[in-house]
Amino acid sequence: MLLVVAGPSGVGKGTLIAGLRERHPGIEWSVSCTTRDPRPGEADGEQYHFVTRDEFLRMAREGGLLEWAVVHGSDLYGTPRAPVEEALAAGRDMVIEIDYQGARSMRQALPEAVLVFVAPPNAQALRDRLTGRNTESEEALARRLRSAQTEFSHMGIFEYLLVNDDLEAAIGGLEAIYLAERQRLSRAHWRRLQGELVEDLEG
Ligand code: ADP
Ligand code: 5GP
């Protein structure tokens, strides 16, 4: 199962995903590629693969990205194709964090992906979290707040809306989506089990 988590920068996507993965360590994390500079404390290959614009565009040209988009007006962000396809083919679960454009592309590329939009309880909470995280320059902060408006105008393309107010409650909400969707996706397995059960009883 591919769980796609979107929402404006600073709303808490990373925090929620970390909370979900703490409860379900089997869920893999898709490391995106980006052309933006690493923040202090970010390591290449952990939060992101930090690449040059040329490297990014070459990967996109060669089909190495499942989706990619220009985010915050200038930087390129994309999902490497191979890890997602390998995880899904092997029946493992994966979570990815992308913007609304990426989510829209992902729905086309992988229609079975589950799309979740994370919203703040109000605009001030979003401003407070973005500034409180203390990772952005004034200019980067302003760009992220502008992108947030665009993100909100595309909330309608998502299947689930998760309001991140109380953190523990929101992690519980994300976990509930994950658990319910996992049961739904296992319908094919139910059919097989059903067939086996009926056959066994006949025998
Ligand atoms: P994103 O991944 O969406 O950019 P982060 O996960 O980095 O956002 O969260 C942004 C900031 O908001 C972090 O400092 C985080 O600790 C804080 N935060 C996340 N969720 C909540 C919440 N429910 N209440 C208060 N602060 C939160
Ligand atoms: P930042 O980490 O620079 O604050 O913000 C990243 C923004 O880009 C977030 O909105 C995040 O969802 C989005 N993003 C991160 N990785 C990807 C990706 O692989 N593809 C797309 N389309 N967006 C991404």
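Located above this text is the structure these notes cover.
Heads up: these notes are all about the structure in this document.

Rules and cut-offs
- Residues numbered from 1 in each chain as written.
- Chains lettered and ligands numbered in written order.
- Predicted model: local features only at pLDDT ≥ 70, side-chain atom pairs only at ≥ 80, totals over all residues.
- Heavy atoms only, no water.
- Buried < 20%, exposed > 50% of the residue type's maximum accessible area, 1.4 Å probe, protein only.
- Helix = DSSP H or I, 4+ residues; strand = E, 2+ residues; numbered from the N terminus.
- Pairing = 2+ DSSP bridges.
- Contact = heavy atoms within 4.5 Å.
- Axes fitted to C-alpha atoms, helices over the stretch in contact; angles between N-to-C directions.
- Near = heavy atom within 4 Å.
- Polar contact = N/O pair within 3.5 Å; in protein donor to acceptor, adjacent residues only side chain to side chain.
- Areas by Shrake-Rupley, 256 points an atom, 1.4 Å probe, with all protein chains shown as cover.
- 1 Å grid on protein atoms, 1.4 Å probe; cavity = no way out; pocket = protein on both sides within 12 Å on 5 of 7 lines; lining within 4 Å.
- Sits in = over half its atoms within 2 Å of the grid points.
- Points joined across faces, edges and corners; volume = space filled by probe spheres on them.
- Nonpolar A, V, L, I, M, F, W, Y, C, P; charged D, E, K, R; others polar.
- Phe/Tyr/Trp six-rings, centres within 6.5 Å; stacked < 30°, edge-to-face > 60°.

### Some details on the pairing of strand 5 (residues 65–71)
Consideration 1: For strand 5, the tally of buried residues reaches 5 of 7 residues, placing the bulk of the element in the interior.
Consideration 2: Sheet topology note: the strand 5/strand 6 (residues 75–80) ladder contains 6 bridges and is antiparallel. For Val70, the partnering residue across the bridge sits in strand 6 and is Leu76.
Consideration 3: Counting the residues in the hairpin turn of strand 5 and strand 6 gives 3 residues, including His72, whose phi is positive at 55°.

### Focus on the sheet that holds strand 1 (residues 2–6)
Consideration 1: Spatially, the 5 strands line up as an open sheet ordered 2-7-1-8-9, and their pairing is parallel. Edge positions in the sheet fall to strand 2 (28–29) and strand 9 (160–163), since each of these pairs with one other strand and no more.
Consideration 2: Of the strands in this sheet, strand 1, strand 2 and strand 7 (94–97) are in contact with helix 3 (residues 81–89), which crosses strand 7 at around 150°.

### A word on the site of ligand 2
Consideration 1: In the vicinity of ligand 2, 20 residues are found, and the nearest of them are Ser32, Arg36, Arg39, Tyr48 and Tyr77.
Consideration 2: Between ligand 2 and Thr79, the relevant distance is 3.3 Å, taken from an oxygen atom to a side-chain nitrogen or oxygen of the residue.
Consideration 3: At 3.2 Å from a nitrogen atom of ligand 2 is found a main-chain nitrogen or oxygen belonging to Glu97.
Consideration 4: For ligand 2, whose free accessible area comes to 520 Å², the fraction covered by protein is 97%.
Consideration 5: For ligand 2, the cavity whose grid points lie within 2 Å of the majority of its atoms is the largest pocket.
Consideration 6: Broken down by secondary-structure element, the contributors of at least two residues to the shell around ligand 2 are strand 5 and strand 6.

### Digging into the layout of surface pockets
One water molecule sets the probe size; rolling that probe over the atoms shows where empty space is left.
Consideration 1: Counted as a void, the largest pocket has a volume near 960 Å³.
Consideration 2: Where the lining of the largest pocket is concerned, the elements lending two or more residues are helix 1 (13–23), strand 5, strand 6, helix 5 (123–133) and helix 6 (138–153).
Consideration 3: At 6 residues, the largest contribution of residues to the lining of the largest pocket is made by helix 1.
Consideration 4: Grouping the constituent residues of the lining of the largest pocket by class yields 12 nonpolar, 16 polar and 13 charged.
Consideration 5: The calculated volume of the second largest pocket comes to roughly 200 Å³.

### Section: the packing of aromatic side chains
Consideration 1: For the coordinates displayed, the defined rule picks out 5 aromatic pairs.
Consideration 2: Each residue in the set Tyr48, Phe50 and Tyr77 is aromatic and connected to the rest through ring pairs, giving one cluster.

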